[in-house]
Amino acid sequence: MTTVYLIRHAQAEGNLYRRCHGWYNGLITPKGYEQIEALAKRFQDIPIDAVYSSDLYRTMTTARAILRSRPLSLRVDPQLREIGGGCWEDHTWGELMRQDREGMLAFLRCDPSWHVPGSETYPELQRRIHAAVEGIADSHPGQTVAVFTHGSAIRSALAGWLGMPLERMGELPLGDNTSVAKLEFEAGSCRVCFYNDAEHLGPLAGRPNRGDGSGDAKARDLAASSLYFLPLRLPEQEQLYRSARQEGWLASHGTLDHFDPEPFLATARQSQIRDPGSVLLAMAGQTVAGILQLDFQQQAQQQIGRVPFLYVTPECRGQGLGTQMLGQAISVFRGLGRRRIRLRCAPENERARRFYLSHGFSRVGQEPGGLGQLDTMEKYIGSVLG
């Protein structure tokens, strides 16, 4: 008998920023690294003979939880990848919901007929994962193997091994990041001992996932809580921008002393003329949730992307929307080959400072601002290979 622990990767950018990351090669988040530590403790006394993962960074990095304490090498297999999202890759769930609601409903209920240009289908995914994991089990008779893969890949494979028709795959909850399934292979059959076990995470666990098969509840959640982005229209929406800048200044400094919106507006106008789409409205459904402004010129030669303004409206704060806006900035700048993202934060703005530090930023210096020196905050966003 061969024992296989099938393990989902730690929290990665797609999970945090609410983006479609199938084959997109995103990074692990700060919380994800904490989950990896918890996973390492869970497996510290479990004998493991071999470790496999998909060829994506998020699984290979999660596999360190087992590799670093054992004299084993990682065996990489592209057949263990997540479902390929085709033309949906790295788009926000909010944007996809807005552009293709029926397609999103089919995707969320794991409809076997779901397909978009360049993607896989769920039946193709299930066949690929079954062949990969069963092949690994055949190669390790009588041994114990850890296999690191992805959420939908695990769910589709489990549906087959549990004897569940693929049409009902959506009834299976999606396991949390680093959740574990234990499988036993013998004489060509697979026994599922347990799955979606994330007891090791404790407070690091996400909110419970439920499998309802319909996708409707998930669609409502996506529509309400996932952003899409539209260009700010100038001059029609100048007052919106001016008000946001004023409220942002007050939130940062606690006073409107020396506040003048006109230089900010002039910069935004010039930026939009030079780089259309550099000033964006963050939209939650029909509600303006914030403004994201990007500077494609400053420090471009240093492979740095600058964020002059990241603003969430007061009524939309505390919902994770600022995190999604940060994810949009990272996606845009990474696509331009930038390796770091940089912004300024008032030292007295403790809420903003905690936000950026929790998302992997560090203070790298100071720059002049309207009321004195501002902290320069920076985060690495470059290639997963470097």
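The notes below deal with the structure included here. (Residues numbered from 1 in each chain as written. Predicted model: local features only at pLDDT ≥ 70, side-chain atom pairs only at ≥ 80, totals over all residues. Heavy atoms only, no water.)

**Some words on the sheet that holds strand 13 (residues 372–380)**
Spatial strand order, 7-8-9-10-11-13-12: seven strands in an open sheet with mixed pairing. Strands at the two margins of the open sheet, each flanked by one partner only, are strand 7 (228–231) and strand 12 (362–369). With strand direction ignored, the average angle separating the axes of adjacent strands in the sheet is 35 degrees. Sheet topology note: the strand 7/strand 8 (residues 279–284) ladder contains four bridges and is antiparallel. Bridge pairing in strand 8 places Tyr-228 opposite Met-283. Against the sheet, helix 10 (residues 238–253) makes contact with strand 8, strand 9 (287–295), strand 10 (304–312) and strand 13, and its axis sits at roughly 90 degrees relative to strand 10, the strand it touches most. (Pairing = 2+ DSSP bridges. Helix = DSSP H or I, 4+ residues; strand = E, 2+ residues; numbered from the N terminus. Axes fitted to C-alpha atoms, helices over the stretch in contact; angles between N-to-C directions. Contact = heavy atoms within 4.5 Å.)

**Examining unusual backbone geometry**
For the peptide bond that leads from Leu-234 to Pro-235, omega is 10 degrees, which places it in the cis range. As for its placement among the helices and strands, Pro-235 is situated in the loop between strand 7 and helix 10. Not every positive phi belongs to a glycine, and Arg-18 is a case in point at roughly 55 degrees. For Gln-299, which is not glycine, the phi torsion reads 65 degrees and is therefore positive. Inspection of the secondary structure puts Gln-299 in the loop between strand 9 and strand 10. Its relative accessible area of 18% is what places Gln-299 among the buried residues. (Buried < 20%, exposed > 50% of the residue type's maximum accessible area, 1.4 Å probe, protein only.)

**Here's the deal with the pairing of strand 9**
Counting buried positions along strand 9 gives seven out of nine residues, so the element sits mostly inside the fold. Where strand 8 lies against strand 9, six bridges are found, and the strand directions are antiparallel. Bridge pairing in strand 9 links Met-283 to Val-288. The turn linking strand 8 back onto strand 9 is made up of two residues, and Gly-285 within it adopts a positive phi angle of 65 degrees. In terms of strand pairing, strand 9 meets strand 10 through five bridges, oriented antiparallel. By the bridge assignment for strand 10, Ile-291 is matched with Tyr-311.

**A closer look at the sheet that holds strand 4 (residues 144–149)**
The sheet built from six strands is open, its strands ordered 3-2-4-1-5-6 with mixed pairing. Of all the strands in the sheet, the pair left with one neighbour each is strand 3 (74–76) and strand 6 (189–197). Between one strand axis and the next, the sheet turns by 20 degrees as a mean value, whatever way the strands run. Where strand 1 (residues 2–8) lies against strand 4, six bridges are found, and the strand directions are parallel. Its bridge partner being in strand 4, Thr-3 is matched across the sheet by Thr-144. Sheet strands in contact with helix 8 (residues 151–161) are strand 1, strand 4, strand 5 (180–186) and strand 6, and its direction is about 140 degrees off that of strand 1.

**Describing the nonpolar core**
Note that soluble globular proteins tend to have their nonpolar side chains buried in a common cluster. Ranked by internal contacts, the top residues of the largest apolar core, which has 42 residues, are Trp-88, Tyr-122, Val-133, Trp-161 and Leu-183. Ranked by residues supplied to this core, first place goes to helix 7 (residues 122–139) with seven residues. Contacts of Tyr-122, omitting those with residues within four sequence positions, involve Ile-83, Phe-107, Cys-110, Asp-111, Pro-112, Trp-114, Leu-166 and Met-169. Leu-227, Ala-282, Leu-292 and Met-377 belong to the second-largest nonpolar core, a separate cluster that totals 28 residues. (Core = buried A, V, L, I, M, F, W, Y, C linked by side-chain atoms within 4.5 Å.)

**With respect to helix 10**
Here helix 10 spans 22 Å end to end across 16 residues, near enough to the 22 Å set by a 1.5 Å rise per residue. When we look at burial in helix 10, the residues that qualify are Glu-238, Tyr-241, Ala-244, Arg-245, Gly-248, Trp-249, Ser-252 and His-253. All buried residues of helix 10 project into a common sector of 135 degrees when viewed along the axis, lining one side. Each element contacted by the buried residues of helix 10 is listed here: helix 11 (261–274), strand 8, strand 9, strand 10 and strand 13. Note on helix 10: the residue one or two positions beyond its end, Gly-254, has a positive phi of about 75 degrees. (Expected span 1.5 Å × (residues − 1). Arc of directions from axis to C-beta.)

**Some details on the pattern of salt bridges**
Here the structure, examined in full by the defined rule, presents 19 salt bridges. In this structure, the salt-bridge partner of Arg-168 is Glu-171, at a minimum N-O distance of 3.2 Å. Between Arg-306 and Glu-367 there is a salt bridge, and its shortest N-O distance comes to 3.0 Å. Of this pair, Arg-306 sits in strand 10 while Glu-367 is found in strand 12, placing the two residues 61 residues apart along the sequence. Neither residue differs from the other here; Arg-306 and Glu-367 are each classed as buried. (Salt bridge = Lys/Arg side-chain N within 4 Å of Asp/Glu carboxyl O.)

**Focus on the packing of helix 10 against helix 11**
Interhelical geometry of helix 10 versus helix 11 gives an angle of 125 degrees and a closest axis separation of 10 Å. Regarding the angle of helix 10 to helix 11, the classification is oblique. Crossing of helix 10 over helix 11 shows right-handed handedness. Along the contact surface, helix 10 presents Glu-238, Tyr-241, Arg-242, Arg-245 and Trp-249, while helix 11 presents Pro-261, Glu-262, Phe-264, Leu-265, Ala-268 and Arg-269. Considering only residue class, the contact of helix 10 with helix 11 consists of six nonpolar, no polar and five charged. (Parallel < 35°, antiparallel > 145°, perpendicular 65-115°, else oblique. Left-handed = near helix turned anticlockwise from the far one by under 90°. Nonpolar A, V, L, I, M, F, W, Y, C, P; charged D, E, K, R; others polar.)

Note that all results are geometric; they support no functional claim without further evidence.
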